[in-house]
Amino acid sequence: QVQVVESGGGLVQAGGSLRLSCVVSGSIFSINAMGWYRQVPGKQRELVASVTGVGSINYADSVKGRFTISRDNAKNTVYLQMNSLKFEDTAVYYCNANVRARTLGYPADYWGQGTQVTVSS
């Protein structure tokens, strides 16, 4: 069993900042890539930022220069620091982790339940 739990969402004014956290726990053998996605009603879930197991980072063009992803491997945690927030950043943010669980012989994607980020204009 692997659990993915996000925290840190909330309501913020445009121009403000929020920091999201995501902890992966359970029967973990190893964690590969970790990332943040977001989704608004009626639209597909989109990648916001991701970081591989060796530290390679990728950002969506819309958040480059404003958001920073980081991970703490000792804590099985990934963070998303969001600065200069815009109204269009409003969405449910989901954490994704590619995990090889001890009970499986191959890695699989696990998702958190999502955390709401609302930016008021």
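Residues numbered from 1 in each chain as written. Predicted model: local features only at pLDDT ≥ 70, side-chain atom pairs only at ≥ 80, totals over all residues. Heavy atoms only, no water.

Right, let's talk about the overall build of the chain for a bit. Regarding its fold elements, the chain presents zero helices and 11 strands. From first element to last, N terminus to C terminus, the chain shows the α and β order β-β-β-β-β-β-β-β-β-β-β. Against the compact-globule benchmark of 14 Å for 121 residues, the chain has a radius of gyration of 14 Å, which places it among compact chains. Burial statistics for the chain: of 121 residues in total, 40% are counted as buried. If you take every contact in the chain between residues at least 6 apart in sequence, the share linking residues at least 24 apart comes to 56%. If you sum the accessible surface of the chain, you get close to 6400 Å²; carbon and sulfur atoms cover 50% of it. Here the chain contributes 11 positively and 7 negatively charged side chains, and the mean placements of these two sets differ by 5 Å. (Helix = DSSP H or I, 4+ residues; strand = E, 2+ residues; numbered from the N terminus. Rg over C-alpha atoms; globule rule 2.2 N^0.38 Å. Buried < 20%, exposed > 50% of the residue type's maximum accessible area, 1.4 Å probe, protein only. Contact = heavy atoms within 4.5 Å. Areas by Shrake-Rupley, 256 points an atom, 1.4 Å probe, with all protein chains shown as cover. Lys, Arg positive; Asp, Glu negative; His and termini not counted. Charge placed at Lys NZ, Arg CZ, Asp CG, Glu CD.)

Along a regular strand, successive side chains alternate from one face of the sheet to the other. Alternating positions in strand β1 (residues 2-7) separate cleanly, V2, V4 and E6 being buried on one face and Q3, V5 and S7 remaining unburied on the opposite face. Note that β1 and strand β3 (residues 18-26) share six bridges and pair antiparallel. What sits directly across from V2, in β3, is G26. (Pairing = 2+ DSSP bridges.)

In this section: the nonpolar core. In this structure, V24, W36, L80, M82 and Y93 are the most contacted members of the largest nonpolar core, which totals 31 residues. Where this core is concerned, the elements lending two or more residues are β1, β3, β4 (28-39), β5 (46-51), β7 (67-72), β8 (77-82), β9 (91-101) and β11 (115-120). If one sorts the elements of this core by residue count, β9 sits on top with six residues. (Core = buried A, V, L, I, M, F, W, Y, C linked by side-chain atoms within 4.5 Å.)

Attention shifts here to the packing of aromatic side chains. The tally for this structure, following the rule as stated, stands at one aromatic pair. Arranged with centres 5.0 Å apart and planes meeting at 65 degrees, the rings of Y37 and W111 form a pair that is edge-to-face. Of this pair, Y37 sits in strand β4 while W111 sits in strand β10 (residues 108-111), and the two are 74 residues apart along the sequence. Assessed through its relative accessible area of 37%, W111 is described here as partly exposed. (Phe/Tyr/Trp six-rings, centres within 6.5 Å; stacked < 30°, edge-to-face > 60°.)

The next point concerns unusual backbone geometry. Notably, N76 is not glycine yet its phi reads approximately 50 degrees, a positive angle. For N76, a relative accessible area of 25% corresponds to the partly exposed category. One non-glycine residue with positive phi stands out, namely S84, at about 50 degrees. Secondary-structure assignment places S84 in the loop between β8 and β9. Look at S84 and you get partly exposed, because its relative accessible area is 40%.

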